[in-house]
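Letter by letter, the chains look like this.
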Amino acid sequence: MKLLNLLRLVERTFLVSVFLAMVILFFGNVVAREIGGTFASRFAWIEEAVRFMNIFLVFIALGLTLEKGRHVGIDTLRNKLSGMPRTVLLKLIDGVGFFFAIYLAWLGMSLVEFVLMTGQRSPTLNIPIGWVYMAPVTGFGLLALRFALSFFGVIDRFSENQHVIEGDDA
């Protein structure tokens, strides 16, 4: 459980840091445009950087969001079932979710390799675009991990108290 709490801490720290960096960079970009004139052209890279940061923000949050029960879902049937049928349905959801997330991570990795081989680079930051495609790979990997943890009962993302997980009050 300590490893899972460490993972949560790392994910949250990353997400908060990236979000704050995005706000600061975008604010600085607006200020530079207002007062800058030709000086503002030196900050053209900020929009691209914020866009890439936003992509990572969304995908890295996938696993944490699933664990907290914040993903959109239809729970009408799930809430009406009890006992063994409910348990089977929940395991089926977690199993299918796990394999789908693994498949998407695998597809993402293939895309990363392909784009890296093309040599495509971002216009203002001049970084290989293939690295930006690592966001879905990482995000779907974290999502698959959470589906597996739920499948094996390490986390209970379906309970009414899904927001309070052992050692976690946020």
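The following refers to the structure shown. For clarity, every value in this text was computed on a predicted model and none was experimentally measured.

## A word on helix α6 (residues 134–151)
Three- or four-residue spacings in an α-helix give side chains the same orientation, since the helix completes a turn every 3.6 residues. If you check α6, its first and last C-alpha atoms are 25 Å apart, about what 18 residues at 1.5 Å a residue would give, namely 26 Å. Phi for Gly153, located one or two positions after α6, is positive at around 80°.

## With respect to the nonpolar core
Residues Leu15, Val18, Met22, Ile46, Val50, Met53, Leu57, Ile60, Ala61, Leu64 and Leu142 constitute the largest nonpolar core, which totals 11 residues. Of all the secondary structure elements, the ones that give two or more residues to this core are α1 (2–36) and α2 (45–67). Ranked by the residues each element gives to this core, the list is headed by α2, at 7 residues. With residues up to four places along the chain from it excluded, the contact list for Met22 reads Val50, Met53, Asn54 and Leu57. Among the nonpolar cores identified, the runner-up in size contains 8 residues, and Leu62, Ala101, Ala105 and Leu143 belong to it.

## Some words on the environment of Phe26
Within the secondary structure layout, Phe26 lies in helix α1. Phe26 sits in the partly exposed class, given a relative accessible area of 42%. In this structure the C-alpha to C-alpha distance between Phe26 and Gly141, which are 115 residues apart in sequence, comes to 29 Å. For Phe26, the contacting residues outside a window of four places in its chain are Ile46 and Val50.

## Description of the side chain of Ser150
With respect to the element layout, Ser150 can be found in helix α6. There is a polar contact of 2.6 Å between the side chain of Ser150 and the side chain of Asp94. Those residues in contact with Ser150 that lie beyond four places of it in its chain are Lys91, Asp94, Ile155, Arg157 and Phe158.

## A look at the packing of aromatic side chains
Using the criterion set out here, one finds 4 aromatic pairs in the structure. Ring geometry for Phe98 versus Phe99: centroids 5.2 Å apart, planes at 75°, classification edge-to-face. By relative accessible area, which is 25% here, Phe98 ends up partly exposed. Aromatic pair Phe151 and Phe152: ring centres 5.1 Å apart, planes at 85°, arrangement edge-to-face.

Cut-offs and rules
- Residues numbered from 1 in each chain as written.
- Predicted model: local features only at pLDDT ≥ 70, side-chain atom pairs only at ≥ 80, totals over all residues.
- Heavy atoms only, no water.
- Helix = DSSP H or I, 4+ residues; strand = E, 2+ residues; numbered from the N terminus.
- Expected span 1.5 Å × (residues − 1).
- Core = buried A, V, L, I, M, F, W, Y, C linked by side-chain atoms within 4.5 Å.
- Buried < 20%, exposed > 50% of the residue type's maximum accessible area, 1.4 Å probe, protein only.
- Contact = heavy atoms within 4.5 Å.
- Polar contact = N/O pair within 3.5 Å; in protein donor to acceptor, adjacent residues only side chain to side chain.
- Phe/Tyr/Trp six-rings, centres within 6.5 Å; stacked < 30°, edge-to-face > 60°.

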